[in-house]
Amino acid sequence: MSRMWNFTSGLFKSEIREFQVMFWSFIFPLILYFILTSVFGSLYGDDTQGISFRVGIVREESLSGLGMILDKVIEDISSENGPFVKKEYGSVDEALIDLKEGKQDIVLVIPEGTSAKIASAAVLQTGEVALRVHYISGKDSSSIASNVLSEIIDEVNLEIRRQSGGEYVDVVTEAKTVSAREEKPFDYREYIFPGVALMMILSVALFNSPIGLIQYRVSGVNKKLYTTPLKPLEYFAGHFAKLIFTMLISLTLLYLTAIFVYNVRGPILDIRFILTLLFSMVVTISFGLMIASFSKKLSTVTVLGQTLYQLMMFLGGLYFPVFHLPWGIRWLVYALPTTYLVELSRRVMGYQFAPVSLFWLILVPIIWTAFSTVIFVINFKKVMGYE
Amino acid sequence: MPRNVVEVKDLKKYYGETKAVDGIEFDLREGEVLAILGPNGAGKTTTVEMLEGLRKPDHGTIEYFEERLPPSSDRVKEEIGVQLQSSSFFEYLSVKETLDLFRGLYRKSIPSKDLIREVSLQDKEKTYTKNLSGGQLQRLAVAVALVNDPRVVFLDEPTTGLDPQARRMLWETISALKNGGKTIILTTHYMEEAERLADRIMIMDQGKIIARGTLLELIDSIDVENIVTFSVQGDTPIPEGFLEVEGLQHTENREYSVTTRDVERTLGRLFEISKEFDMLLDDVTIRKPNLEDVFITLTGKKLRD
C-alpha cells in the first residue's frame, strides 16, 4: 500500500507541475464558468415566450354538446402555433408515468360526466365543472404550463357563456401536485455548475489520463517501472488516485468560485449532488482508460481524446439543452454517458431537462463504466505491456 | 570460486524470421563485471531485457541465485537494479524526488543523499529531470539502478551518446561499484569501456555468442601478435592487386590494417606493392592487438557497423 501511495504522490507531483495540466485542469474551468455565467446568466429568466409545453390529455368520456367547445379549445391550443403539444392517453396512470419521467409537462384529465355537468351548469346553474390538471411542483415548465392552461380554461368559460345564450358556466381546473418538491426558480449560475464541473472532470479523464499513460509508455518511463517490484494493479491504482486528487483540487476551486463569487450554495453542497460528481469521475476515468487502450501512439490518443471530449461536452448537454436536436444527431446525445451524468446532477438540483427517468440516468453510465473497464482490461496488456 | 548469481541456458528469442537471440548459454558470477559486446542488432539488449524480466524468452531458462528464481519473481525484482539504454523519468520531479519515488518501490533502499553523492549530482539535487543534460541523466539512471542496493546491476550502454568527459565520469562511478563488490552486466559499443571495466567479455553477433573470456584470453584466441595500420594517400581507386595482400583488412575510408606475426616481412611486402601500384602509404603504425581487433577478426566488421 505504501508503495502505491509513494508512486501516486510522485506521479501527482510531476503532473501537477506541468503548466498544461495546471491550466486545463484548474484555471480553464474557472474561466469558462465566469464566461458562461457572464454571457448567459442574464439571458435566462422567467421569460417563457416561444416555449411549447407538452400536455397529456386523458378523456374519461367523449365530449358532446357544449362540452365540444372544450374539444375545440384543446385542438386550437395544440395546433402548430399554439402553446401546447398534446398527446392523448388511454388512462390517467399511463399519462402520469410520462409526466413523472419528464415526457409531459402537465396532464389534463377530462373526467367522466363533464359534458353533462357543463350542460347542467349552463341550464340549471348547478355550479362549477372541474377538470383535473396534474403537474410537477418545483419544475418550472410544469408549473408555468399549469398556469397557462388555467388562463385558457377561463376563456373557455366565456365561450360557453356566449354560445349558451348568456348563462354563466364555471369550468375550473383542479390542480393536482405530482411531486412534492418545492417551487424552484431557474438560476443559470446554478444550472451551469454541473456542466462546468463535468467539463473539468472530462478534461482530466479524457486528456490527462490517456495522454499521460501513453506518454509514459512511449518515453520509456513505464519500461523502467516494469523492472521494479511495482505491480500492474498498483500502477493503475496510483494512476487512478492521481486523477481523483487532480479532479478534487479542481472541483474545490470551482466550488469556492461558485460559493464566494456567484453565491451558489444549497444544491451544490447537497451530498447527493456531490455523490453524482464522484460517480461522474469514476465513469469518465474508465472511459479515458478505454481510449488509452485503443492507442499505441501519442498522436492517436490525442486525436481520439480531443474528438470524444468535444462530442461529450457539446452533445452531452453540458452547457445547453440537447434533446430538441434532430434525430440525425440526437441518437449521439442518447449514446453519450455525459448526457446522463449532467442530467443526473441537475435532477438532484431540482431541474429536469431530459425526458429520461432516474433509473436510466444511473444505469446507462454504469453500463458505460463496465464496458470501458472490460475493453481496457482486454486491451491493456497489448497496449501498455512492454512486449 | 565465486557462486553463480545468474545461469542462462539455451536462451532463444525470435521475431518472425529474425533470430534476435539464438540459443545462448552463459553464467554470471558473484562480484564480477561481465561485458556483452556486439554491433547493433547483435541481440545484446534483447538478452539483457530477458534477464531483467522485460521480455519473455521463446525458449530456454534464466535462473537467479541459489533458489533458481525466474526473472519475473518479486524476489529477483527486489534484488536487481536496471539502467536502461535510454533513460526517461518523470520530467517534473527533481533528482532527489525521482530517487525518493524509486526508493519507495523497494523493501530496502539506500538514502537518496548517498546515491546523489555517489554519482556526483549534488549540485543538481533540486533540478527537474527534464533540465538535466544527457550525461547527468545517465548518472541519475545509474543512481536509480542502485536505489535498492541490488546484488545484480544491469547497465545497458550507459555511456552511449556522452561526451568523453561525461563518459570518464561514469566509468569512475561504475569502477566504484565494481570495487564495492556489485555483480554487473554491462552492454556496450565501446571497446575501451569493456577493456577498462570488465572481468569477462562476451561477444555477440547475430544472436549468438561468438567468443567469451577475459580480455587476454580473447586477444590470445585470435593468434595475432602485431597489427600494422596505414592509410593510402590520394583519391585514385585502390588497385585490385593491392587488396590481395595476405591478412589485409579495410577499416574505414582509405585506412587498412594487416595482422601479422612477422612485422618486418609484412612491412617490406606493403612498401613493395605500393611502389608497384604507384601508391603512397601514410600514418603507418605498428601496435599490439586489442579488443577491436578481436572483434574484427571474429566478425569481419567493426563494432559500430
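Residues numbered from 1 in each chain as written. Chains lettered and ligands numbered in written order. Predicted model: local features only at pLDDT ≥ 70, side-chain atom pairs only at ≥ 80, totals over all residues.

**Points about the overall build of chain B**
Regarding its fold elements, chain B presents 10 helices and 13 strands. If one aligns the C-alpha atoms of chain B with their principal axes, the spans along those axes are about 70 × 45 × 40 Å. Looking at chain B residue by residue over its 305 residues, the buried ones come to 41%. (Helix = DSSP H or I, 4+ residues; strand = E, 2+ residues; numbered from the N terminus. Buried ≥ 20, exposed ≤ 12 C-beta atoms within 10 Å, placed from the backbone.)

**Observations regarding the overall build of chain A**
Across its full length, chain A carries 15 helices and 5 strands. Here chain A, with 387 residues, has 40% of them falling under the buried criterion. Counting contacts in chain A only where the partners sit at least 6 residues apart, residues at least 24 apart contribute 78% of the total. (Contact = placed C-beta atoms within 7 Å.)

**Re the packing of helix α7 (residues 188-219) of chain A against helix α9 (residues 232-260) of chain A**
Residues and elements named next belong to chain A. Contact pair α7 / α9: the axes reach a minimum separation of 10 Å and the direction vectors enclose 155°. Classified by the angle between their axes, α7 and α9 sit roughly antiparallel to one another. Note on packing geometry: the crossing formed by α7 with α9 is right-handed. Across from Phe193, Val196, Ala197, Met200, Ile201, Val204, Ala205, Asn208, Ser209 and Leu213 in α7, the residues of α9 making contact are His239, Leu243, Thr246, Met247, Ser250, Leu251, Leu254 and Ala258. Of the residues assigned to the contact of α7 with α9, the class counts are 13 nonpolar, 5 polar and no charged. (Axes fitted to C-alpha atoms, helices over the stretch in contact; angles between N-to-C directions. Parallel < 35°, antiparallel > 145°, perpendicular 65-115°, else oblique. Left-handed = near helix turned anticlockwise from the far one by under 90°. Nonpolar A, V, L, I, M, F, W, Y, C, P; charged D, E, K, R; others polar.)

**Some details on the environment of B:Gly300**
As for its placement among the helices and strands, B:Gly300 is situated in the segment after α10 (291-299). Taking C-alpha positions, B:Gly300 is 30 Å from B:Gln83, a pair spaced 217 residues apart along the chain.

**Overview of the interface of chain A and chain B**
The partner chain B presents 23 residues to the 20 residues of chain A that form the contact. Where the side of chain A that touches chain B is concerned, the elements lending two or more residues are α1 (2-16) and α8 (221-226) of chain A. Counting residues per element, the side of chain A that touches chain B draws most heavily on α1(A), which supplies 6 residues. Broken down by class, the residue content of the side of chain A that touches chain B amounts to 6 nonpolar, 7 polar and 7 charged.

**Description of the nonpolar core**
With 76 residues, the main nonpolar core has B:Ala35, B:Leu140, B:Ala143, B:Ile185 and B:Ala194 as its most contacted residues. Among the elements that line this core, the one with the most residues is helix α5 (residues 134-145) of chain B, at 7 residues. Counting 59 residues, the second-largest nonpolar core is a separate cluster that includes A:Ile201, A:Leu277, A:Leu289 and A:Met290. (Core = buried A, V, L, I, M, F, W, Y, C linked by C-beta atoms within 7 Å.)

**A look at the domain arrangement of chain A**
For chain A, the assigned domains are domain 1 (2-43 + 186-384) and domain 2 (53-177). Here the C-alpha centroids of domain 1 of chain A and domain 2 of chain A sit 45 Å apart. (Domains from an automatic or database assignment.)

**Let's talk about the domain arrangement of chain B**
How big an interface is tends to be reported as the loss of accessible area on association of its parts. Taken domain by domain, chain B holds domain 1 (4-219) and domain 2 (225-288). For domain 1 of chain B versus domain 2 of chain B, the distance between C-alpha centres works out to 40 Å.

**A short note on the sheet that holds strand β11 (residues 248-252) of chain B**
Two modes of strand pairing occur in sheets, parallel and antiparallel, and in both the strands are linked by backbone hydrogen bonds. Residue and element names in this part refer to chain B. Spatially, the 4 strands line up as an open sheet ordered β11-β12-β10-β13, and their pairing is antiparallel. Pairing within the sheet leaves two strands with one partner each, and these edge strands are β11 and β13 (281-287). With strand direction ignored, the average angle separating the axes of adjacent strands in the sheet is 25°. Each of β10 (226-232), β12 (255-260) and β13 touches helix α9 (residues 263-276); the most contacted strand, β10, lies at about 15° to it. (Pairing = 2+ DSSP bridges.)

**Regarding the pairing of β11(B)**
All names here are of chain B. Where β11 and β12 come together, 4 bridges link them in antiparallel fashion. In the strand pairing of β12, His250 is matched with Tyr256. Linking two consecutive strands that pair antiparallel, namely β11 and β12, is a turn of 2 residues; a positive phi of about 45° is found at Asn253 within it.

**Examining the sheet that holds strand β2 (residues 18-29) of chain B**
All names here are of chain B. Ordered by their spatial adjacency, 3 strands build an open sheet running β2-β1-β4, and the pairing between neighbours is antiparallel. Each having just a single partner strand, β2 and β4 (59-64) make up the two edges of the open sheet. Adjacent strand axes in the sheet meet at a mean angle of 15°, parallel and antiparallel pairs treated alike. Looking at chain direction, strand β1 (residues 4-15) and β2 are connected through 9 bridges and run antiparallel.

**What about the confidence of the model for chain A?**
Detail in the predicted coordinates should be disregarded across regions flagged by low pLDDT. Per-residue pLDDT for chain A has a mean of 83; in total, 87% of the residues score no lower than 70. This stretch, residues 45-50 of chain A, has a pLDDT under 50; its non-local contacts, to residues over four places away or in other chains, come to 1 contact. (pLDDT = per-residue confidence, 0-100.)

**What to know about unusual backbone geometry**
Phi is positive for A:Asn263, which is not a glycine, with a value near 55°. The residue A:Asn263 is located in the loop between α9 and α10 (266-269) in this model. Of note in this structure, B:Asp149 is not a glycine but carries a positive phi near 50°. With respect to the helices and strands, the residue B:Asp149 is situated in the loop between α5 and β6 (152-156). The exposure class of B:Asp149 is partly exposed, given the 15 C-beta atoms found within 10 Å.

**Examining α5(B)**
Residue and element names in this part refer to chain B. Taking 1.5 Å of rise per residue, the 12 residues of α5 would be expected to cover 16 Å, and the 16 Å separating its terminal C-alpha atoms lies within 8% of that figure. Counting buried positions over the 12 residues of α5 gives 10, a clear majority of the element. Taken together, the buried residues of α5 touch β5 (80-83), α3 (95-103), α4 (112-118), β6 and α6 (164-179). (Expected span 1.5 Å × (residues − 1).)

**Here's the deal with α7(A)**
Residues and elements named next belong to chain A. Over its 32 residues, α7 runs 44 Å from end to end, which matches the ideal 46 Å to within 8%, given 1.5 Å per residue. Judged by how many residues are buried, α7 sits mostly within the fold: 27 of 32 residues are covered. In the stretch just after α7, Gly220 is the one whose phi turns positive, near 100°.

**Focus on the packing of α5(B) against α6(B)**
Residue and element names in this part refer to chain B. Here α5 crosses α6 at 10°, and the two axes come no closer than 10 Å. By the criterion of interaxial angle, the relationship of α5 to α6 is roughly parallel. For the element pair α5 and α6, the recorded crossing hand is right-handed. Each of Gly135, Gln138, Arg139 and Val142 in α5 lies in contact with α6, whose residues at this interface are Ala166, Met169, Leu170 and Thr173. Each residue belonging to the contact of α5 with α6 can be placed in one class, and the counts come to 4 nonpolar, 3 polar and 1 charged.

**Digging into the environment of A:Pro267**
Residue and element names in this part refer to chain A. Of note, Pro267 is situated in helix α10. Under the C-beta neighbour-count criterion, Pro267 is labelled buried, with 20 such atoms within 10 Å. Placed 102 residues apart in sequence, Pro267 and Thr369 show a C-alpha to C-alpha distance of 26 Å. Non-local contacts of Pro267, meaning those with residues more than four positions away in its chain, are made with Glu190, Phe273, Met349 and Gly350.

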